[in-house]
Amino acid sequence: MRYSRLARFPIWAVTKCCERTGRSWPPPAASGLALNIGTGGHDLVGWVNLDETKPGDVLARVPPAPFRDECFDEILMSHVVEHMTLDDGRALMKECQRILKPGGVVTVIVPDAKIISLAYLARQLSNETLNDLYVYSYCQESQHRWFYDRRTLNQLVADAGFVGLRRLNRFTDAHMMAPAWFQVGVSAIKPTSMNSFG
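Residues numbered from 1 in each chain as written. Predicted model: local features only at pLDDT ≥ 70, side-chain atom pairs only at ≥ 80, totals over all residues. Heavy atoms only, no water.

K.L.:
Account for the overall build of the protein, with residues named and values stated.
P.N.:
Each helix and strand in the protein was counted, giving five helices and seven strands. Listed by position from the N terminus, the elements making up the protein come as α-β-β-β-β-α-β-α-α-α-β-β. Here the protein, with 198 residues, has 44% of them falling under the buried criterion. Considering only intrachain contacts with a sequence separation of at least 6, the fraction spanning at least 24 residues in the protein is 67%. As displayed, the protein has an accessible area near 10700 Å², and 54% of this comes from carbon and sulfur atoms. (Helix = DSSP H or I, 4+ residues; strand = E, 2+ residues; numbered from the N terminus. Buried < 20%, exposed > 50% of the residue type's maximum accessible area, 1.4 Å probe, protein only. Contact = heavy atoms within 4.5 Å. Areas by Shrake-Rupley, 256 points an atom, 1.4 Å probe, with all protein chains shown as cover.)

As structure tokens, then:
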């Protein structure tokens, strides 16, 4: 049984490559008024930084988002929605749709359930590592509540009404902030009118 190209590369080698690539990794530049949801204490310069536990620009639990309609040009959620139930993740995506200006961009990054599972099946991750770091994420203050892969992440974003979905390169896209083999990301656009179908 063939699991994927990942099975040919040991996780430690991919991780080392990511670490080298990620040295002095520049944070993503904000385009217009930009919101960084779920900072985990890692605020981005030039962005409005929101977190529910770490002091930043805005201390709030989402959803709902404590902002007026159509006020942001860009929203970044890096490793946020997997810490919510599926219903809360859907509600947060609807909130992003509400607070983004037409033509605004949302970027969502999560651990990739498929690539992580393939690494486990290829015996590159132990059961303990799988559960501790990726599935339940016991090593963090806020554990994971839902597991996404590229398909289910795209579905989450599209169901909220976003169009023009673009897959992010997990190793080179600036929105990833720290390149890692185990993450997947997508950027999408809020339609400029309700009659836009991408």
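K.L.:
Please set out the nonpolar core residue by residue, giving values where relevant.
P.N.:
Judged by nonpolar contacts, the single largest core of 34 residues is most densely connected at I37, F67, I75, M77 and V106. Mapped onto this core, the elements with two or more residues apiece are β1 (34–37), β2 (48–51), β4 (72–78), α2 (86–99), β5 (100–111), α5 (150–159) and β7 (183–189). With five residues, α2 is the largest single contributor of residues to this core. Contact partners of V106, with chain neighbours within four places excluded, come to I75, M77, M93, C96, L100, F162, V186, S187 and A188. (Core = buried A, V, L, I, M, F, W, Y, C linked by side-chain atoms within 4.5 Å.)

K.L.:
How would you explain helix α3 (residues 113–121) if you had to name every residue and give the values?
P.N.:
Those residues of α3 lying buried are A113, I115, I116, L118 and A119. One side-chain oxygen of the residue at the start of α3 lies 3.0 Å from the amide nitrogen of K114, identifying that residue as D112. Among the residues trailing α3, R123 stands out with phi positive, at a value near 65 degrees. (Polar contact = N/O pair within 3.5 Å; in protein donor to acceptor, adjacent residues only side chain to side chain.)

K.L.:
Report on the side chain of D149, specifying residues and quantitative values.
P.N.:
In this fold, D149 is placed in the loop between α4 (127–135) and α5. Here D149 occupies a buried position and makes no salt bridge, while the nearest side chain of opposite charge, R151, is found at 4.8 Å. A polar contact is formed between the side chain of D149 and the backbone nitrogen of R151, at a distance of 3.2 Å. With near-sequence residues (within four places) excluded, D149 lies in contact with D112, A113, K114 and V184. (Lys, Arg positive; Asp, Glu negative; His and termini not counted. Salt bridge = Lys/Arg side-chain N within 4 Å of Asp/Glu carboxyl O.)

K.L.:
Can you tell me about the pairing of β1, naming the residues and giving the values?
P.N.:
Burial of β1 is two-sided: the residues A34 and N36 facing one way and the residues L35 and I37 facing the other way are all buried. One ladder, built from four bridges, connects β1 with β4; its direction is parallel. When the bridges of β4 are listed, I37 appears paired with M77. Two elements, β1 and β2, share three bridges in a ladder whose sense is parallel. In the strand pairing of β2, L35 is matched with V48. (Pairing = 2+ DSSP bridges.)

K.L.:
Break down the environment of T107 for me, citing the residues and quoting the values.
P.N.:
Along the chain, T107 turns up in strand β5. Through-space distance from the C-alpha of T107 to that of I189 is 9.0 Å; in sequence the pair is 82 residues apart. Here S187 takes part through its side chain, which lies 2.8 Å from a polar atom of the side chain of T107.

K.L.:
Can you break down the packing of aromatic side chains residue by residue, with the values?
P.N.:
Tallied over the full model, the rule gives four aromatic pairs. Their ring planes at 90 degrees and their centres at 4.9 Å tell us that F67 and F72 sit as a pair that is edge-to-face. Judged by relative accessible area, which is 2%, F72 ranks as buried. Look at Y134 and F182: their rings are 5.3 Å apart centre to centre, the planes differ by 55 degrees, and that puts the pair in the tilted class. Taken together, the positions of Y134 in helix α4 and F182 in the loop between β6 (163–167) and β7 put the pair 48 residues apart, joining distant regions of the chain. For Y134, a relative accessible area of 9% corresponds to the buried category. By relative accessible area, F182 is classed as partly exposed at 23%. Feature note: the residues Y134, W181 and F182 constitute an aromatic cluster, connected by ring pairs. (Phe/Tyr/Trp six-rings, centres within 6.5 Å; stacked < 30°, edge-to-face > 60°.)

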